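An overview of the molecular structure
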Amino acid sequence: MNIVIVVEIVAGIFVLAGAVRFAIRDTRQRRSVSLEQEPGPEDVPEVQASDSEGDAEQHLSEAASHHE
């Protein structure tokens with residue numbers, strides 16, 4: 001076998017391994033970013049049925065003060 005062919009095969013293997021490594025790292029990074037952005041149940045304010053608009057506004061102001 002010609003030495004040039006061997007060098008090309010080895011170089012191709014390194015390029016392929018680098019592409020696979022990059023794809024795996026990119027996938028893991030995207031997954032961790034999407035998990036950080038999804039709100040959990042503790043981030044979603046509870047909505048309770050209220051009889052008046054004033055009750056709803058009071059509930060919202062209380063919820064806002066708890067997050068500060």
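Here the structure is shown first, and the text comes after it.
Below you will find a few notes about this structure. (Residues numbered from 1 in each chain as written. Predicted model: local features only at pLDDT ≥ 70, side-chain atom pairs only at ≥ 80, totals over all residues. Heavy atoms only, no water.)

1. Some remarks on the pattern of salt bridges
Within this structure, the stated rule accounts for one salt bridge. As a salt-bridge pair, D26 and R30 come within 3.0 Å of each other at their nearest N and O atoms. Note that D26 and R30 are positioned in helix α1 (residues 3–37) at a spacing of four residues, about one turn of the helix. Classification of R30 as exposed rests on a relative accessible area of 59%. (Salt bridge = Lys/Arg side-chain N within 4 Å of Asp/Glu carboxyl O. Helix = DSSP H or I, 4+ residues; strand = E, 2+ residues; numbered from the N terminus. Buried < 20%, exposed > 50% of the residue type's maximum accessible area, 1.4 Å probe, protein only.)

2. Some words on a nonpolar patch on the surface
Nonpolar side chains collect at one region of the surface, where M1, I3, V4, I5, V6, V7, I9, V10, I13 and F14 lie side by side and expose about 1,000 Å² of accessible area between them. For I3, the location among the structural elements is in helix α1. On the basis of relative accessibility, which here comes to 59%, the residue I3 falls in the exposed class. (Patch = residues over 30% accessible without salt bridge, like charges linked within 9 Å, V, L, I, M, F, W, Y side chains within 5 Å. Areas by Shrake-Rupley, 256 points an atom, 1.4 Å probe, with all protein chains shown as cover.)

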